[in-house]
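Residues per chain are reported as follows:
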6 protein chains.
Amino acid sequence: MSENSESNSPAISVVGIPFDDNSSFMFGTAQAPNAIREALNSHSSNLTAENEIDIGELNRWSDLGDLNIDDAYTAFKEIQSHTAKILAQQSKIITLGGDHSITFPVVKAHAEVYSDLNILHIDAHPDLYDSLDGNRHSHASPFARIMEKDLAKRLVQVGIRTINAHQREQADKYGVEVNEMKNGIPAKLKFDGPVYLSVDMDCLDPAFAPGVAHYEPGGMTIREVINIIHQFKGHLIGADIVEYNPTRDINGITAMASAKFLKEIIARMLAEL
Amino acid sequence: MSENSESNSPAISVVGIPFDDNSSFMFGTAQAPNAIREALNSHSSNLTAENEIDIGELNRWSDLGDLNIDDAYTAFKEIQSHTAKILAQQSKIITLGGDHSITFPVVKAHAEVYSDLNILHIDAHPDLYDSLDGNRHSHASPFARIMEKDLAKRLVQVGIRTINAHQREQADKYGVEVNEMKNGIPAKLKFDGPVYLSVDMDCLDPAFAPGVAHYEPGGMTIREVINIIHQFKGHLIGADIVEYNPTRDINGITAMASAKFLKEIIARMLAEL
Amino acid sequence: MSENSESNSPAISVVGIPFDDNSSFMFGTAQAPNAIREALNSHSSNLTAENEIDIGELNRWSDLGDLNIDDAYTAFKEIQSHTAKILAQQSKIITLGGDHSITFPVVKAHAEVYSDLNILHIDAHPDLYDSLDGNRHSHASPFARIMEKDLAKRLVQVGIRTINAHQREQADKYGVEVNEMKNGIPAKLKFDGPVYLSVDMDCLDPAFAPGVAHYEPGGMTIREVINIIHQFKGHLIGADIVEYNPTRDINGITAMASAKFLKEIIARMLAEL
Amino acid sequence: MSENSESNSPAISVVGIPFDDNSSFMFGTAQAPNAIREALNSHSSNLTAENEIDIGELNRWSDLGDLNIDDAYTAFKEIQSHTAKILAQQSKIITLGGDHSITFPVVKAHAEVYSDLNILHIDAHPDLYDSLDGNRHSHASPFARIMEKDLAKRLVQVGIRTINAHQREQADKYGVEVNEMKNGIPAKLKFDGPVYLSVDMDCLDPAFAPGVAHYEPGGMTIREVINIIHQFKGHLIGADIVEYNPTRDINGITAMASAKFLKEIIARMLAEL
Amino acid sequence: MSENSESNSPAISVVGIPFDDNSSFMFGTAQAPNAIREALNSHSSNLTAENEIDIGELNRWSDLGDLNIDDAYTAFKEIQSHTAKILAQQSKIITLGGDHSITFPVVKAHAEVYSDLNILHIDAHPDLYDSLDGNRHSHASPFARIMEKDLAKRLVQVGIRTINAHQREQADKYGVEVNEMKNGIPAKLKFDGPVYLSVDMDCLDPAFAPGVAHYEPGGMTIREVINIIHQFKGHLIGADIVEYNPTRDINGITAMASAKFLKEIIARMLAEL
Amino acid sequence: MSENSESNSPAISVVGIPFDDNSSFMFGTAQAPNAIREALNSHSSNLTAENEIDIGELNRWSDLGDLNIDDAYTAFKEIQSHTAKILAQQSKIITLGGDHSITFPVVKAHAEVYSDLNILHIDAHPDLYDSLDGNRHSHASPFARIMEKDLAKRLVQVGIRTINAHQREQADKYGVEVNEMKNGIPAKLKFDGPVYLSVDMDCLDPAFAPGVAHYEPGGMTIREVINIIHQFKGHLIGADIVEYNPTRDINGITAMASAKFLKEIIARMLAEL
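About the criteria used
- Residues numbered from 1 in each chain as written.
- Chains lettered and ligands numbered in written order.
- Predicted model: local features only at pLDDT ≥ 70, side-chain atom pairs only at ≥ 80, totals over all residues.
- Heavy atoms only, no water.
- 1 Å grid on protein atoms, 1.4 Å probe; cavity = no way out; pocket = protein on both sides within 12 Å on 5 of 7 lines; lining within 4 Å.
- Points joined across faces, edges and corners; volume = space filled by probe spheres on them.
- Helix = DSSP H or I, 4+ residues; strand = E, 2+ residues; numbered from the N terminus.
- Nonpolar A, V, L, I, M, F, W, Y, C, P; charged D, E, K, R; others polar.
- Pairing = 2+ DSSP bridges.
- Axes fitted to C-alpha atoms, helices over the stretch in contact; angles between N-to-C directions.
- Contact = heavy atoms within 4.5 Å.
- Least-squares fit on C-alpha atoms with pLDDT ≥ 70 in both.
- Buried area = accessible area lost by both parts, 1.4 Å probe.
- Salt bridge = Lys/Arg side-chain N within 4 Å of Asp/Glu carboxyl O.
- Polar contact = N/O pair within 3.5 Å; in protein donor to acceptor, adjacent residues only side chain to side chain.
- Parallel < 35°, antiparallel > 145°, perpendicular 65-115°, else oblique.
- Left-handed = near helix turned anticlockwise from the far one by under 90°.
- Buried < 20%, exposed > 50% of the residue type's maximum accessible area, 1.4 Å probe, protein only.
- Phe/Tyr/Trp six-rings, centres within 6.5 Å; stacked < 30°, edge-to-face > 60°.
- Lys NZ or Arg CZ within 6 Å of the ring centre and 35° of its normal.

A closer look at the layout of surface pockets
Approximately 900 Å³ is the volume found for the second largest pocket. Lining the second largest pocket are 47 residues, with Ile185, Thr221 and Glu224 of chain C together with Thr221 and Glu224 of chain F positioned closest to its centre. Breaking the lining of the second largest pocket down by element, the ones donating at least two residues are helix H6 (222-231) of chain C, helix H6 (222-231) of chain E together with helix H6 (222-231) of chain F. Looking at side-chain class alone, the lining of the second largest pocket contains 18 nonpolar, 15 polar and 14 charged residues.

Have a look at this one:
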């Protein structure tokens, strides 16, 4: 665990959640957090983000290492309480999955702090299944859980290209704003109040991210995702990067993409402090 | 062979044509039809197309399995007569290649039914060689054959980036409407009457489709192809997806792209029934 | 479905079982049967096995295509009854998985015909878990089920390199003959009576088979597996090839390995008819 | 060394510079020149560029083979004098790297001929480090050397996405026109007088160019680069293609991209003769 | 950093040394330690070694996480003193590289504790260069440093296939026992007293380990390396696994091989306690 | 073209033959010669062979570059006459293919010089087809041509695993000594008089050589091939390395294997001068 911050309560905390028990097609995302860290720190690049902030210099964030999850049955509680603890220290948090199921407990902890939470969700999938294969905590279900518990004021999805009838119903029921790929990337995304950003690496076209379980062709480019990270209006108060799967990666190409998103997210958060 | 239809004459028939004898650089596309089927049915995704039709539910199409080709010398006759037979049963047909040479006999059968056929051809190559390496049925020649036999009213090509002097002459001679990549993807494609769609997987940039024989950099994105499938004006009455080569694919990435195109094509056809 | 046999009851039947619901780490083996068929028939090789039998010529075997599994809950019953039906027609059967869980119902059907069945099991794993993640039909458990139901006289395992304390207990309890890789490949394998052969593609070192879910370094070479197929003493009466996962394969390398094993198994069976 | 020209002084000379001693993360680009040649001449494509010029027919260019570099310490002198010699013969020159450090001596030779040189530099990195790891001739430093020696009137960079504070200072100091990816690709690029074009293959998103040392996600598409080659206003008088690394390439995908750029650059130069 | 031990001074300590500054061809091995940890703990396998010890259960070893190296110039001192500190706590140490240069300071610390140290070195290269490219601490030189300082009683090398005249001289000078691949793997390796084991992943044939910088065909199989780990006579008191490079790995295949070696080394050490 | 020799008539000449017109499944081997040269000279390794000869120092061999083949119809004549010319200068020759068809004209030229030629042929395939797909000069036919013209006293094949009835007949007819993989690698290979060595890269198991067109699982290891190069008894007077296909290679792994064989062959020849 490398400490990038001098104080005990950094303004931004990065936490790995190596948990993939709720995956439905392939496991392996539990190996992501460390692979993303390594890519971020690779000698092949530098730590200056595109907004000119050098996150290697600006010591107001800290990588707290991985959350140890003792028991899959209590995982969500552990994730939620750990997140809550960090938030209680006035630190923002960026989690590195793991599969997308972790977003539910992480958002739950945020919702207790932010009453008017917006969620910006970039993904190939709406992840609104009431349950998948009988699992209501499936990585295809976090936003069903979030919305049914009314944890977010708005849920805006970008990159979607697999929405089926059930999930369309769910989206309608919960008022989810689904931006489908067939209609392009929205030119402007604007939020009032705090925004939580959830980036599923399979939002990308598989060409850009071979290291994911679910290949959904017709996806976003890396630049399109970066543009959103840079440009959406609102106050970014938390984020996750999920579903990177190192066991299916080629020459670390998807690790580098994940690390790039992490760098840009940290830098935007630092700029907004 | 999985039956997705209850009736004997489905509205849409999918047929595999595992034939690659007319390839000029690499064989292996004969392995494509089954690989595409498997990808289409992979647990990693669902069967709902972007126009909201769930092709897993709507049983008006059927996968008839592969055409058995007994003899390469009579292959074209077999392909043509098999296609004709299906068309005679009032079913539309989508063929899965195989190399691009199969498009000639397939279109020939369509031309006997549709007197005013339009062809929308998405490819890196114009495939207008009068002959290649002495083979007039080469996979680089189907549209020369089609046009010299006057089988199509219009031939509109998109994605082209390898047209040479000979093929430019051919295009002029036959009045082919060539949209070159250097000029971008045409914003609107409009046809009067029936449209046959031929998708060569090498229309894509090799980044999106490593599993093809002919890498032609500077190609289309998967989204650009999907947009065309969704948006061209006209009545889609037949289609093929050709040149996917599983022997050069990485983690099935090109199989998934082919399956996505198939899903969107079926769904558009179903929507137009 | 390509018919290689003239009669209705071929001496040997090949059946695909595209079922991977009992996988524990990655899905995707359901895509294997067709990929293996395509590789077997690739123009890049021929159909003559190393015992000089040309399985393309000798029409006493038939590929019956895939078993359609309607319902995961009844899958094992369907697999078993389908196998039984084929056996009842005096045909031997080779199944193409799918994950390793299918071996249990397939062997069950064999055990009803062969009272003194031997099983030769080539694998990285003993697959003797009483249950894995609460699933007693896990792909890590088929041989626990087979042995507790006393379906085999002998179970001889080769290639094993992951046996843990629980599985060692199971092996002791059921008298399994475990040949661990650390002791080398047994020079001679001899059985009295009928032998059922189960080949898990992860028996191979990952270098030879990148297209599997579970990489277990220190495995067998392809030649070592072929030698066993050729040389074990006993009467080969049934076989399966399981756990090939096309979604993780590079340039079809593991498809070709699977197809090679299939060719050699068919040819040995044909030689023993 | 294949001669494509009949005269002793072709209008355009292609020269390989297999030199990678100034790389900072991975070596291997020394293997690029021949790999690019082979890809250019692959049977899988043809030699007609998108401006309709068939560079296989138009014999006013010649591949002079590789420059032999006897001694790394004198490499820059050798590169510069070799370039100067070719320029003295009234031939334009396109060099194939090698790492990006070679651009400094190549441009130096050009600057002696062209007093008002413009440089169009397409890259992920500004390569303006005063020194990297103590090496002032690092592949991250050529444009610092070029600008401090006042060899170019204008230096216009496109594709940049890794500029840090030091390099921003350098850019300011030397008046470099940096077009960052976050602001998109400039629609128009216009130069008065001669333009030297330097293409670093890592300008591309890693999806399009896995065969480079430095993966910088969020990069250009191949089409965007081709469009620039086609469309910038000015007189193209020299070029290099650098940083392709065959030791990290998959199925030759990056070799083909490099060869495509070479074909389009030659063809534009031929059109401007 | 996951603690696998209850006490403060575990019998065996695993330490990552993410340091690759002395690499001569490619960087990236600094990313190895975490990638190996992740592979070791992957759900796709278990933690029982082939000697029946379950290293997940036997809590006498601990992963102490990575050594932070503040300054490349003092790196060797830091590595040595950190190693010495751990040894002083009566713990054995296994280090995960990083490049092979780290072996020198690690062995130096061991030599202060063990006066009669034997080294078993498994590698494609003898790593006996007096200096490489002017660097006496190059990853091609650790054993020159070790032997000139007389830190080992015996140095026995296995897997060697690149020894040149200079290194042969060095081997003669220092009495290194070089077992070249051309003569096969020695059947018996026997040492009196303590043995330090250094495993360079490029000892393997590149087929088994695509994730290394230096491909040296004609190498060892994974099984041959495991057999040596299991079978050499002597008391294993320390070890390193170096030169794994995740930036060149395919689907994590080399990560799994490294993790396998780590598991077997820990288990042998635990068995010898 | 790099000159490694000072004299005009080196003792050994290396010549590339970038010709793949007689391939039956995939083209691309024409790209091999340069890729092999680059790998041989890669900074990642050195030029000392396992017999202690440093081919970078011993200047009695020379790389003459590639043979330019003007016309496919006269290719064989060109190859033969070029080979004859080199042999007439008292130089031995090693050719780098290209596909295996080139071996026929190369051997023809040798047979005119050596009346009692032995051929040692390492390959997955016997390449004894009288014709393939109607092509008597197919890459599957060179040894049929060689033997029917009585150009060799003995033809000894190693590595064979695809011999079918036709080729078995051919082998019998011509007295070819076929060593099939199923019987292992012959421990001793002994020849009286001159030996020509032909190495087809697909002799290797595909794990070791992904960069070939024809994957034949169950093949040789790289070490087994090297051992033969080192150990066969006889006088090595000429050789070829064929069928490497860079368009299907991963990270240059097969290029390195080809270069290793080249290095060992040159070194043996130099040792025998």
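Digging into the sheet that holds strand E8 (residues 233-242) of chain F
Residue and element names in this part refer to chain F. Taken in spatial order, the eight strands of this open sheet run E2-E1-E3-E8-E7-E4-E5-E6, and their pairing is parallel. The sheet terminates laterally at strand E2 (61-66) and strand E6 (177-180), the two strands that pair on one side only. Averaged over all neighbouring strand pairs, the angle between strand axes comes to 20°, with direction disregarded. Bridging between strand E7 (residues 190-200) and E8 involves eight bridges; their strand directions are parallel. For lysine 190, the partnering residue across the bridge sits in E8 and is lysine 233. Contacts between H6 and the sheet are confined to strand E4 (118-122), strand E5 (154-160), E7 and E8, with E4 contributing the most and set at about 165° to the helix. Along the sheet, helix H7 (residues 253-272) makes contact with strand E1 (12-17), E2, strand E3 (92-97), E7 and E8, crossing E8 at roughly 150°.

A short note on the sheet that holds strand E1 (residues 12-17) of chain D
Whether parallel or antiparallel, the strands of a sheet pair through hydrogen bonds between backbone atoms. Residue and element names in this part refer to chain D. Read across the open sheet, the eight strands follow the order E2-E1-E3-E8-E7-E4-E5-E6; overall the sheet is parallel. The open sheet is flanked by strand E2 (61-66) and strand E6 (177-180), the only strands paired with a single partner. Taking each pair of neighbouring strands and ignoring which way they run, the sheet shows an average axis angle of 20°. Strands in contact with helix H6 (residues 222-231) are strand E4 (118-122), strand E5 (154-160), strand E7 (190-200) and strand E8 (233-242); relative to E4, the strand with the most contacts, it is inclined by about 165°. Against the sheet, helix H7 (residues 253-272) touches E1, E2, strand E3 (92-97), E7 and E8, its axis set at about 150° to E8.

Structural notes on the relation of the copies chain B and chain A
When chain B is fitted to chain A, the residual RMSD is 0.0 Å, and the transformation amounts to a turn of 120° plus an axial shift of 0.0 Å. Here the symmetry operator amounts to a three-fold rotation axis. In terms of C-alpha distance to the rotation axis, chain B has alanine 207 of chain B as its closest residue, with the C-alpha 3.2 Å off the axis. A low fraction, 12%, of the interface residues of chain B reappear at the interface in chain A, so the copies pair through non-equivalent surfaces.

Side note on the interface of chain B and chain A
Contacts between the two partners involve 24 residues from chain B, matched on the other side by 22 residues from chain A. Across the chain B to chain A interface the summed buried area is about 1,900 Å²; carbon plus sulfur atoms make up 54%. The three residues of chain B that bury the most area against chain A are Ser44, Arg223 and Asn251 of chain B, which together make up 28% of that side's buried surface. Across the chain B-chain A interface, the total number found is one salt bridge. For glutamate 52 of chain B, the salt bridge is made with arginine 168 of chain A, and the minimal N-O distance between the two is 3.2 Å. Here chain B and chain A share eight residue pairs in polar contact (both at pLDDT 80 or more) between them. Those elements that provide at least two residues to the side of chain B that touches chain A are helix H6 (222-231) and helix H7 (253-272) of chain B. Per element, the largest residue contribution to the side of chain B that touches chain A is six residues, and it comes from H6 of chain B. Here the residues of the side of chain B that touches chain A are counted per class, giving eight nonpolar, 12 polar and four charged.

With respect to the packing of helix H2 (residues 75-88) of chain C against helix H3 (residues 103-113) of chain C
All names here are of chain C. At a closest axis distance of 8 Å, the pairing of H2 and H3 adopts a crossing angle of 40°. One way to sum up the angle between H2 and H3 is to call them oblique. H3 is crossed by H2, and the crossing has right-handed handedness. Residues Phe76, Ile79, Gln80, Thr83, Ala84 and Leu87 of H2 pack against Phe104, Pro105, Val106, Lys108, Ala109, His110, Glu112 and Val113 of H3. For the contact of H2 with H3, the residue count by class is nine nonpolar, three polar and two charged.

Overview of the interface of chain F and chain D
Chain F puts 17 residues into the contact, and the matching count from chain D is 17 residues. Both sides of the chain F and chain D interface together cover about 1,500 Å² of buried area, and 40% of this is carbon and sulfur. It is Gln31, Glu38 and Asn251 of chain F that lose the most area in chain F upon contact with chain D, and together they represent 37% of the buried surface on that side. The interface formed by chain F and chain D holds zero salt bridges in total. The interface formed by chain F and chain D holds eight residue pairs in polar contact (both at pLDDT 80 or more) in total. At three residues, helix H1 (residues 32-40) of chain F tops the list of elements feeding residues into the side of chain F that touches chain D.

Here we look at the pattern of salt bridges
In this structure the tally under the stated criterion is 84 salt bridges over all chains. Notably, a salt bridge pairs aspartate 66 of chain E with arginine 37 of chain E, separated by 2.8 Å at the nearest N-O pair. One end of the pair, aspartate 66 of chain E, is in strand E2 (residues 61-66); the other, arginine 37 of chain E, is in helix H1 (residues 32-40), with 29 residues separating them in the sequence. Arginine 223 of chain F is the salt-bridge partner of glutamate 50 of chain F, the closest N and O atoms lying 2.9 Å from each other. Separated by 173 residues along the polypeptide, glutamate 50 of chain F in the loop between H1 and E2 and arginine 223 of chain F in helix H6 bring together distant segments of the chain. Since its relative accessible area comes to 3%, glutamate 50 of chain F is described here as buried.

Concerning the packing of H1 of chain F against H7 of chain F
Residues and elements named next belong to chain F. One way to put it is that H1 packs onto H7 with a least axis distance of 8 Å and a crossing angle of 75°. Classed by the angle they form, the pair H1 and H7 counts as roughly perpendicular. Note on element contacts: H7 touches H1 through Ala255, Met256, Ser258, Ala259, Leu262 and Lys263, opposite Ala35, Ile36, Ala39 and Leu40.

Some thoughts on the packing of aromatic side chains
Using the criterion set out here, one finds 30 aromatic pairs over all chains in the structure. Seen in terms of ring centroids, phenylalanine 19 of chain A and phenylalanine 76 of chain A are 6.5 Å apart; in terms of plane orientation they differ by 65°. Their pairing is edge-to-face. Remark: phenylalanine 76 of chain A occurs in helix H2 (residues 75-88) and phenylalanine 19 of chain A occurs in the loop between strand E1 (12-16) and helix H1 (32-40); sequence separation between them is 57 residues. By relative accessible area, phenylalanine 19 of chain A is classed as buried at 5%. Taking the relative accessible area as the measure of exposure, phenylalanine 76 of chain A reaches 15% and is therefore buried. Consider the rings of phenylalanine 208 of chain C and phenylalanine 208 of chain F, whose centres lie 5.9 Å apart with planes at 75°: the pair is edge-to-face. With one member in each of two chains, phenylalanine 208 of chain C in the loop between strand E7 (190-200) and H6 and phenylalanine 208 of chain F in the loop between E7 and H6 form a pair that bridges those chains. Here the aromatic cluster, defined as three or more aromatic residues joined through ring pairs, consists of Phe19, Phe76 and Phe104 of chain A. One residue, arginine 268 of chain B, lies across the ring of phenylalanine 232 of chain B, its end atom 3.8 Å from the ring centre.

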